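Coordinates in review
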Amino acid sequence: MRFATPLHRFVYYVLLVGLSASVVLILAGSVWSLATTGALPERTLPATQVLRSVLAGEAQGLVSAGLLGILLTPLVAVAATVVVSASRRDGVGVLAGIGVALVMVVGLLLGGA
Amino acid sequence: MTSLGYLGLGVAAGILGSLLGLGGGILIVPGLTLLFGLPIKTAVATSVVAVVTNSLAGSLVYIRRGFTHIKLAMILETTTTIGALGSGLIAMWVSGRWLYGLFALVAVYMIYAMRQPPAGEAEDDPDGVLPAAFTDPATGREIRYGVRHLGIGALVSTVAGVLSSLLGVGGGIIKVPVMCQVMGVPIKAATATSTFMIGITTATAAMVYYGGGLVIPSLAVPVAFGAFLGAQVGSRLGTRIRSKALRRLFQLLLLVIAVQMGWRALGL
């Protein structure tokens, strides 16, 4: 597949992997939850508890991991732009990407997700 | 049965949003509050998850075609995300009546903004900063352009960030016209860049909502999935439906939504 620039290629694959993995997790958790309880989970888990819950095969953990995955994919895409900009010695791109990533991380911490 | 209702709302919002070039949030929030009786903060938190999902899916298509100006998006996002984060925190504390009122005002603005289709393309104009190019698949022609008035773009994007975070709408209807008519970005590049930005902006706010426990999987999953499916259908229907008639219908729907939301803001 041809892309306009290396930056476009890198960001495209980050979004593709992030979205696909998140959708798989949400679908798996939803099907599991419907099969065991007859309904979808009513609450998400805090980020600190998600990994343990996923490893235990709990539906709520799988759905929470998928939802978090969707929300974190843009952050990973921003980080990807920083890496590609740095490799091309693009100072403006690096600074802008770091600035955006910092605000997103603050959002993550303030939200206590 | 309620999950099917949420799914149906998501599909309808996705189809209409895609046909009109909007995020589904402008329909999801009033749908959840007016049809299903949910609190507006829960509706906004649900909507932002759907908006991020649709932005990611749309960006995949646009980035592959080379339409998205990623560097411009990053520069504008430096101020947009600050607006989104600030208003996301404010939204946790502000009264629901204020949100209903603000939503009614935004719906009225959208009725006004949709009077005419987007115009004012500035193609093949490489003046300005951040030069970029893409090949238009409709004509096979390479379009080169530069970006002008970056400061105005940053200011407008901040406002869009505040609104998207407070109300769960994408903000594309504010950003795309300014990118086209003020910043000299061609319409395809503006739409693609705005779509990519919306995912970043809305995810920033969504993290705050997720941490606050407002993202409810039994709501967010069917609505987001429905909106995603609807957007795929809408993008295929787009070429067969008369956009002028659709715009008029949507303006009428927005008028009903504005009245209903305004009614609630006044506590009537």
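Residues numbered from 1 in each chain as written. Chains lettered and ligands numbered in written order. Predicted model: local features only at pLDDT ≥ 70, side-chain atom pairs only at ≥ 80, totals over all residues. Heavy atoms only, no water.

1. Overview of helix α5 (residues 96–113) of chain B
Residue and element names in this part refer to chain B. Between the first and last C-alpha of α5 there are 25 Å, a value that for 18 residues agrees with the 26 Å anticipated at 1.5 Å per step. Of the residues making up α5, those classed as buried are Leu99, Tyr100, Phe103, Ala104, Val106, Ala107, Met110 and Ile111. In an axial view of α5, the angular spread of the buried residues amounts to 165°, which keeps them on one side of the axis. Along α5, exposed side chains directed more than 90 degrees from the buried face belong to Trp98, Leu105 and Tyr112. (Helix = DSSP H or I, 4+ residues; strand = E, 2+ residues; numbered from the N terminus. Expected span 1.5 Å × (residues − 1). Buried < 20%, exposed > 50% of the residue type's maximum accessible area, 1.4 Å probe, protein only. Arc of directions from axis to C-beta.)

2. Concerning the interface of chain A and chain B
Taken together, the 47 residues of chain A in the interface contact 38 residues of chain B. Both faces considered, chain A and chain B share a buried interface measuring about 3,600 Å² in area, 82% of it formed by carbon and sulfur atoms. Taken together, chain A and chain B are joined by one salt bridge. Among the salt bridges present, the one from Asp90(A) reaches Lys71(B), with a minimum N-O distance of 3.0 Å. The tally of links from chain A across to chain B stands at five residue pairs in polar contact (both at pLDDT 80 or more). Going through the elements one at a time, α1 (6–37), α3 (59–87) and α4 (91–111) of chain A are the ones with two or more residues in the side of chain A that touches chain B. When its residues are assigned to classes, the side of chain A that touches chain B shows 32 nonpolar, 11 polar and four charged. (Contact = heavy atoms within 4.5 Å. Buried area = accessible area lost by both parts, 1.4 Å probe. Salt bridge = Lys/Arg side-chain N within 4 Å of Asp/Glu carboxyl O. Polar contact = N/O pair within 3.5 Å; in protein donor to acceptor, adjacent residues only side chain to side chain. Nonpolar A, V, L, I, M, F, W, Y, C, P; charged D, E, K, R; others polar.)

3. Concerning the confidence of the model for chain B
All names here are of chain B. Mean pLDDT over chain B works out to 83, with 90% of the residues at or above the 70 mark. Least confident of the elements in chain B is helix α10 (residues 243–265), whose mean pLDDT is 79; most confident is helix α3 (residues 40–65), at 90. Interface confidence for the predicted complex, expressed as ipTM, amounts to 0.93; the pTM equals 0.87. (pLDDT = per-residue confidence, 0-100.)

4. Points about the side chain of Thr68(B)
With respect to the helices and strands, Thr68(B) occurs in the loop between α3 and α4 (70–91). You can call Thr68(B) buried: its relative accessible area is 2%.

5. Regarding a nonpolar patch on the surface
Among the surface-exposed residues, Val23(A), Leu27(A), Phe225(B) and Leu229(B) lie close enough to one another that they form a single nonpolar patch of about 300 Å² accessible area. Of all the elements in the fold, those that place two or more residues in the nonpolar patch are α1 of chain A together with α9 (217–237) of chain B. With respect to the helices, strands and loops of the structure, Leu229(B) is situated in helix α9. Looking at Leu229(B), the relative accessible area reads 37%, which means it is partly exposed. (Patch = residues over 30% accessible without salt bridge, like charges linked within 9 Å, V, L, I, M, F, W, Y side chains within 5 Å. Areas by Shrake-Rupley, 256 points an atom, 1.4 Å probe, with all protein chains shown as cover.)

6. A short note on the pattern of salt bridges
If you walk through the whole model with that rule in mind, you get three salt bridges over all chains. Between Arg144(B) and Glu142(B) there is a salt bridge; the shortest N-O distance is 2.9 Å.

7. Quick word on the pairing of strand β1 (residues 129–136) of chain B
Regular strands show a simple pattern: their side chains alternate between the two faces of the sheet. All names here are of chain B. For β1 and strand β2 (residues 141–147), the ladder comprises six bridges, and the chain directions are antiparallel. Note that in β2 the partner of valine 129 across the bridge is valine 147. A loop of four residues connects β1 with β2, the two strands running antiparallel in sequence, and glycine 140 in this loop sits at a positive phi of about 75°. (Pairing = 2+ DSSP bridges.)

8. What about helix α8 (residues 187–211) of chain B?
The first and last C-alpha atoms of α8(B) sit 36 Å apart over 25 residues, in line with the 36 Å expected at 1.5 Å per residue. Gly213(B), located one to two residues past α8(B), shows a positive phi value of around 75°.

9. Quick word on unusual backbone geometry
Look at Arg89(A): it is not a glycine, yet its phi comes out positive at around 55°. Residue placement: Arg89(A) occurs in the loop between α3 and α4.

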